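# Architecture and fold: a report
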Amino acid sequence: MLAIAKYLVDQGHQVRLLSGSRFREAIEKTGATPLALAGRADFDDRVFLDELPERLKLRGMAKIRYDVETVFVRPVPDQYQALSQALRDSPPDAVIAETAFVGVLPLLLANPGTRPPVTGIGVLPLAQMSEDVAPFGPGLAPLAGPLGLLRNPLLNALVQRLVFRSTAKLANQLLGELGSPPLDAYLFDYASRGPDLFLQLCAAGFEYPRSDLSANLRFVGPVL
């Protein structure tokens, strides 16, 4: 995101970059204006999880759920508050948000006619659900033939309705408190399916092939 900010600044654009306070100096070096997150959203990712003693008691899927909810979901209100303030202070031509910034969700769920266009930046492997692949996470390779067509929907449903059911419930609760409508699709799909345009920072061949990718997705290679 720093590289993208610097490129846009060099092209003559006015750029504001919203991030943790520890990145302020790095943001200033790009020529962009740093905007700081606050509250639960402003943490040092290098030591954040090490400072949570309750996490040490968890194992397996419970630990993964805890990490997802603590790092990505619970900061949403503070992230969105900072984003909303930035939009009010100086309405932008566009918002560019990387995959892990879940605080953009209320903006994506708003009426497109009332918000600026949003471009997503895929800084992580693509987590988009598909009938052609197993869910993101376990590392299961595509399975050809009838077995794959049976396996993928079953595993996708298992992940959505059981494994991350409480995570989706928490996300909808927080969204409701922000006056936002609930999610109408899988939580992790919104990172790539929700934005008006989604730029995945790799070659298409680095991802498992999917016949049902969302129409807004483009593979653009790395930011050099």
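These numbers were taken from a predicted model, which means no experiment stands behind them.

What follows deals with the overall build of the protein chain. The helix and strand inventory of the protein chain stands at eight helices and six strands. The order of helices and strands in the protein chain, counted from the N terminus, is α-β-α-β-α-α-β-α-β-α-α-α-β-β. Its C-alpha radius of gyration of 18 Å places the protein chain within 12% of the 17 Å reference for a compact globule of 224 residues. Structurally, the protein chain occupies a C-alpha span of about 55 × 40 × 35 Å along its principal axes.

To continue, consider the confidence of the model for the protein chain. Averaged over every residue, the pLDDT of the protein chain is 93; residues scoring 70 or more account for 100%. Within the protein chain, the lowest mean pLDDT, 90, falls on helix α3 (residues 60-73), and the highest, 98, falls on strand β5 (residues 197-200).

Take the environment of Gly179 next. Summarising the element assignment, Gly179 is placed in the loop between α7 (165-177) and α8 (190-193). Considering only alpha carbons, one finds Gly179 and Pro106, 73 residues apart in sequence, at a separation of 8.4 Å.

Bringing the sheet that holds strand β6 (residues 217-219) into the picture now. Pairing between the strands of a sheet is mediated by backbone hydrogen bonds and can be parallel or antiparallel. Overall, parallel pairing links the four strands, which are arranged β3-β4-β5-β6 in an open sheet. If you trace the sheet from one side to the other, it starts and ends with β3 (95-98) and β6, each paired once. Sheet twist, expressed as the mean angle between neighbouring strand axes with direction ignored, is 25°. Judged from the four bridges that link them, β3 and strand β4 (residues 118-122) form a sheet pairing that is parallel. Among the inter-strand pairings, Glu98 is bridged to a residue of β4, identified as Ile121.

Looking now at the side chain of Thr30. Topologically, Thr30 is positioned in helix α2 (residues 24-30). Within the local environment of Thr30, its side chain forms a polar contact with the backbone oxygen of Ile27, the two atoms lying 2.6 Å apart. A distance of 3.1 Å separates a polar side-chain atom of Thr30 from the backbone nitrogen of Ala32.

This part is about the pattern of salt bridges. Summed over the entire model, instances satisfying the criterion amount to nine salt bridges. Salt-bridge contacts for Lys6 lead to Asp10; the nearest nitrogen and oxygen are separated by 2.9 Å. Of this pair, Lys6 and Asp10 both sit in helix α1 (residues 2-10), four residues apart, which is roughly one turn of that helix. Here Lys6 falls in the partly exposed class, since its relative accessible area comes to 40%. Here Glu25 ties to Lys29 by a salt bridge, and the two come within 3.8 Å at their closest N and O atoms. Taken together, the residues Glu25 and Lys29, both in helix α2 and four residues apart, mark about one turn of the helix. On the basis of relative accessible area, Glu25 is assigned to the exposed category, the value being 53%. Owing to a relative accessible area of 67%, Lys29 belongs among the exposed residues under this scheme. Salt bridges here are not isolated pairs; linked through shared partners, they connect Arg22, Asp44, Asp45 and Arg46.

Taken as a whole, the largest pocket holds about 1400 Å³ of empty space. Lining the largest pocket are 41 residues, with Met1, Arg16, Leu17, Leu18 and Ile96 sitting closest to its centre. Of all the secondary-structure elements, those providing two or more residues to the lining of the largest pocket are α1, β1 (16-19), α3, α4 (76-89) and β3. Residue composition of the lining of the largest pocket, by class: 29 nonpolar, seven polar and five charged. Space inside the second largest pocket adds up to approximately 810 Å³. Along its surface, the second largest pocket is lined by 41 residues, and Val68, Ala127, Phe136, Tyr186 and Phe188 are the ones closest to its centre.

Between its first and last C-alpha, α4 extends 20 Å over 14 residues, near the 20 Å set by a 1.5 Å rise per residue. Restricting attention to buried positions, one finds in α4 the residues Val76, Gln79, Tyr80, Ala82, Leu83, Ser84, Ala86 and Leu87. On its buried face, α4 is in contact with β1, β2 (33-36), α3, β3 and α5 (105-109).

Criteria and cut-off values
- Residues numbered from 1 in each chain as written.
- Predicted model: local features only at pLDDT ≥ 70, side-chain atom pairs only at ≥ 80, totals over all residues.
- Heavy atoms only, no water.
- Helix = DSSP H or I, 4+ residues; strand = E, 2+ residues; numbered from the N terminus.
- Rg over C-alpha atoms; globule rule 2.2 N^0.38 Å.
- pLDDT = per-residue confidence, 0-100.
- Pairing = 2+ DSSP bridges.
- Axes fitted to C-alpha atoms, helices over the stretch in contact; angles between N-to-C directions.
- Polar contact = N/O pair within 3.5 Å; in protein donor to acceptor, adjacent residues only side chain to side chain.
- Salt bridge = Lys/Arg side-chain N within 4 Å of Asp/Glu carboxyl O.
- Buried < 20%, exposed > 50% of the residue type's maximum accessible area, 1.4 Å probe, protein only.
- 1 Å grid on protein atoms, 1.4 Å probe; cavity = no way out; pocket = protein on both sides within 12 Å on 5 of 7 lines; lining within 4 Å.
- Points joined across faces, edges and corners; volume = space filled by probe spheres on them.
- Nonpolar A, V, L, I, M, F, W, Y, C, P; charged D, E, K, R; others polar.
- Expected span 1.5 Å × (residues − 1).
- Contact = heavy atoms within 4.5 Å.

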